[in-house]
Amino acid sequence: MMSDSGSARAQALSWDDGLRSDAPDRYTVSQGDTLWDISGRFLRRPWQWPEVWQVNPQIENPHLIYPGDVVYLYDCNGRPCLGLERGQGQVTLSPTMRTTPHREAVEPIPMEAIGQFLREHRVIENPDALDELAYVVGGDDRRLISGAGDRLYARGSVERAGRVGLYRIGERYFDSASGETLGLELESIGQARRERNEDDIVVLEVTTANQEVRNNDIVLPLEDRGLTSQFYPRPPERDVDGTILAVPGGVRFIGRLQVVAIDRGRRDGLESGHVLMVEQRGELVEDPRTGEMLNLPGEDAGLVMIFRPYDKMSYGLVMEASRTLAVGDRVQNPRRVLGAALR
């Protein structure tokens, strides 16, 4: 269901504004398509998907689209709309018997681009709580580093059942203007199983490790890595104005399908699926007459979709990049008219 502001935007999208010139009347969804791909077949700006998407009350979970479904373009009250026809998805086994095979819904974005990241990174929103978290104090047989199958010892509170995650302290993110701490990144190095505890010392067995486990590594309950079902491309409802903080892994220059950290989060109105435009910082030049240093205007350079919002910051995936993006570039609500390179 669209909000009132969403309905107003929908009515503003006309047949001459926003549709690709080669948009098909009908498109049959194929294996490997993403929601961003499908939207991009019809719209010059895929983040306008909610403005033309019509919910069919006869279709269960209309936001889930499967291979074999048909997305079609039609006129509704003088403006373009997109509808959905469910594919049959049936296989005949005999004259009297049919079965509907299991189908996986199309992904919103290429999940392989963020899968490893989701497994290996998380954020503590209050770094001051770090001292309260359990941490590794030693390995079996006086080992300084441990691996899969090894026993290690941690100090602090650890859940009494189930597996836990082992993490190494990573980058601390700050707001460049206010100096506020936005979050502390933790990098996953493995998992462990709790065996027992004696006083405040917990005995753990390392079950998996992609790096050596060291003293002072953090022990935390595993994070729920599920993505919200409302993960579809759309602009934020509130005005957002922020910057690219970093690229996990230390890369400075950024291209398509790279993960970026930005300095805005849920408290700023960001949710999974929100799309932001990236403005490349203008060049710093010297005025040839006065000697003043001038910042030239920025240029539209790409689009980022948020996939993991935290309270004060978020992670996003670069969906389009017409220029090389960089740490410090501005992110903001997408404008209705972008440069030709992004169409």
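That block above? That's the structure.
These notes cover the structure that comes with them.

Cut-offs and rules
- Residues numbered from 1 in each chain as written.
- Predicted model: local features only at pLDDT ≥ 70, side-chain atom pairs only at ≥ 80, totals over all residues.
- Heavy atoms only, no water.
- Pairing = 2+ DSSP bridges.
- Helix = DSSP H or I, 4+ residues; strand = E, 2+ residues; numbered from the N terminus.
- Axes fitted to C-alpha atoms, helices over the stretch in contact; angles between N-to-C directions.

With that out of the way, let us pick up the sheet that holds strand β1 (residues 26–28). In spatial order, the strands read β1-β2-β3; together these three strands make up an open sheet with antiparallel pairing. Both outer strands of the open sheet, β1 and β3 (79–85), are each paired with one neighbouring strand and no more. Direction aside, the axes of adjacent strands within the sheet are offset by 25 degrees on average. As judged from the seven bridges shared by strand β2 (residues 70–76) and β3, these two strands associate in the antiparallel manner. Looking at the pairing, V70 lines up with E85 of β3.

Further remarks concern the pairing of strand β11 (residues 181–198). A regular strand carries its side chains on alternate faces of the sheet. When strand β6 (residues 121–124) meets β11, the two strands line up antiparallel, connected through four bridges. Along β11, the bridge assignment pairs R122 with L186. Relative to β11, strand β10 (residues 163–174) runs antiparallel, the two sharing ten bridges. Bridge assignment links F174 to a residue of β11, and that residue is T181. Between β10 and β11, which pair antiparallel and follow one another directly, the connecting turn spans six residues, one of which, G179, has a positive phi of 80 degrees. In this sheet, strand β12 (residues 201–209) lies alongside β11 in antiparallel orientation, the contact comprising eight bridges. Across the sheet, residue R193 finds its bridge partner in β12, namely E205.

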